[in-house]
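# Structural characterization, general
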Amino acid sequence: MNLHEYQAKELLKKYNVPVQEGIPCSTPGEAEQAYRQIHTQYGSKFAVIKAQIHAGGRGKGKIAGTEQRGVAVAKNAEEVLQIAKNILGGTLVTIQTGEAGKLVSKILVAQDVYYDGPSPVKEFYLSILLDRTRGQNVIMYSTEGGMNIEDVAHDTPEKIFKEWVFPGGNLEPFQARKIAFNLGLSGVAFKNCVKFVSDLYKAYVGSDCGMLEINPLFKTSDDKIIAVDCKMNIDDNALMRHPDIAVLRDLSEEDPTEVEAGQYNLNFVKLDGNVGCMVNGAGLAMATMDMIKLSGGEPANFLDVGGTANAQTVEAGFRIILKDPKVKAILINIFGGIVRCDRVAQGVIDAYQSIGNINIPIIVRLQGTNADVAKKLIDESGLKVQSAIQLSEAAELVNKAVA
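Being a predicted model, the structure only gives us computed values, none of them experimental.

Below, the discussion takes up the sheet that holds strand E3 (residues 47-51). A sheet is described by the order of its strands in space; here 4 strands give the open sequence E2-E8-E3-E5, paired in antiparallel fashion. The sheet is open, and its two borders are formed by strand E2 (22-25) and strand E5 (71-74), each paired with just one other strand. Between one strand and the next, the sheet's axes are offset by a mean angle of 20°, whatever the strand orientation. When E3 meets strand E8 (residues 107-111), the two strands line up antiparallel, connected through 5 bridges. Bridge pairing in E8 places lysine 50 opposite leucine 108. Strands E2, E3 and E8 of the sheet are contacted by helix H2 (residues 28-42), whose axis makes an angle of about 20° with E8. Across the sheet, helix H3 (residues 77-87) lies against E3, E5 and E8, angled at about 160° from E5, the strand it touches most.

So, in structure tokens, the structure goes:
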């Protein structure tokens, strides 16, 4: 589950991680009031206005049809008001959203951190995630923080440092000091960075994060170390331990079909192809998607109905797949180990009868428990459903359907 920047920062503050303070706003009027509050409370001469969407590249992205960036600096209340009007309700298009963009319904009015002081400001990059090849958490960091971190990783990978931590252990003090040293810090900034990294790792573990990214990790002119931006992803499987985090889920930022699938405990990911897939088991689903591509089609989705599939979940899966206008055919590939094939077949029949006329080919391959009963149910249903025994047969039928 992804969090908005303002939500992630509130979580970090619970672990004593210093952040760039800000106030989330839903209207231009709220933004103007937030600026006045920040100006009074922190003495900020400027305010940073940030669109709140679940995507990166906001600083370079633009509101569709305008030159308005997703992150902008305002010098006074009037500018805050105008920028808020430009961003709120607009569609922000970034390198991560694609051409469709994302609707902006909330902005963050944040304090200015580029104030004058005795030392120069610096921007760094730091993230924590699981390195699956090692089975360890890894802290990735660089002296080259900011909007172009992807270019740094591509052009100068030697500037990306890594520090691994065993998942069951803590970040050791010497590791935190090593990170601060590699970032070129000294004195008060060094000490503040050591504490920042240690507390950030506690936030990562304590919140059951899948990924935690701070870009930029910022050194102020008076040697404070703060998180200016934060991207946080929470492991869905751990949300049962964090009801306070689960309520922060913003369904408007997620694909509606994926949200609907989740209500039926279906593992669904929307893709851009023309063949809908319904499979039980992630491995078989991946193999089925490969088979579709080899047959000349493109998978329109990943849909794993799991081992507890019944007529109701199959019908729900059918309805979700059929909402995609690009789908030219649906392939159902079920191996009946735990799940019974006849239940799936009955779900297909019920869906057909409930939905009504379906004008695209339905190809069903059922193998395993009660496969013979399932085939008989489909063959005798009178529906325009094509059954296959071998995977090669299903592939040939898919090929004809998308030709």
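This part takes up the nonpolar core. Among the nonpolar cores identified, the biggest contains 39 residues, and Leu12, Leu126, Ile139, Phe196, Leu200, Ile214 and Met232 are the most heavily contacted of them. Counting only elements with at least two residues in this core, the list comes to helix H1 (5-14), strand E9 (122-131), strand E10 (136-142), helix H5 (173-182), helix H6 (187-206), strand E12 (209-219), strand E13 (225-227) and strand E14 (231-234). With 9 residues, the single largest contributor to this core is H6. Phenylalanine 196 has contacts with Val17, Pro18, Ile214, Leu217, Ile225, Ile226 and Ala227, leaving out every residue within four places of it along the chain. Ranked by size, the runner-up nonpolar core spans 32 residues in total, among them Leu303, Val314, Ala345 and Tyr352.

Another aspect to go through is the packing of H5 against H6. Their axes nearest at 8 Å, the elements H5 and H6 cross at an angle of 130°. Between H5 and H6, the angle falls in the class oblique. Crossing angle aside, the handedness with which H5 passes H6 is right-handed. Facing H5, whose interface residues are Ala176, Arg177, Ile179, Ala180 and Phe181, H6 presents Phe190, Cys193, Val194, Val197 and Ser198. Its residues placed into classes, the contact of H5 with H6 shows 8 nonpolar, 1 polar and 1 charged.

Conventions adopted
- Residues numbered from 1 in each chain as written.
- Predicted model: local features only at pLDDT ≥ 70, side-chain atom pairs only at ≥ 80, totals over all residues.
- Heavy atoms only, no water.
- Pairing = 2+ DSSP bridges.
- Helix = DSSP H or I, 4+ residues; strand = E, 2+ residues; numbered from the N terminus.
- Axes fitted to C-alpha atoms, helices over the stretch in contact; angles between N-to-C directions.
- Contact = heavy atoms within 4.5 Å.
- Core = buried A, V, L, I, M, F, W, Y, C linked by side-chain atoms within 4.5 Å.
- Buried < 20%, exposed > 50% of the residue type's maximum accessible area, 1.4 Å probe, protein only.
- Parallel < 35°, antiparallel > 145°, perpendicular 65-115°, else oblique.
- Left-handed = near helix turned anticlockwise from the far one by under 90°.
- Nonpolar A, V, L, I, M, F, W, Y, C, P; charged D, E, K, R; others polar.

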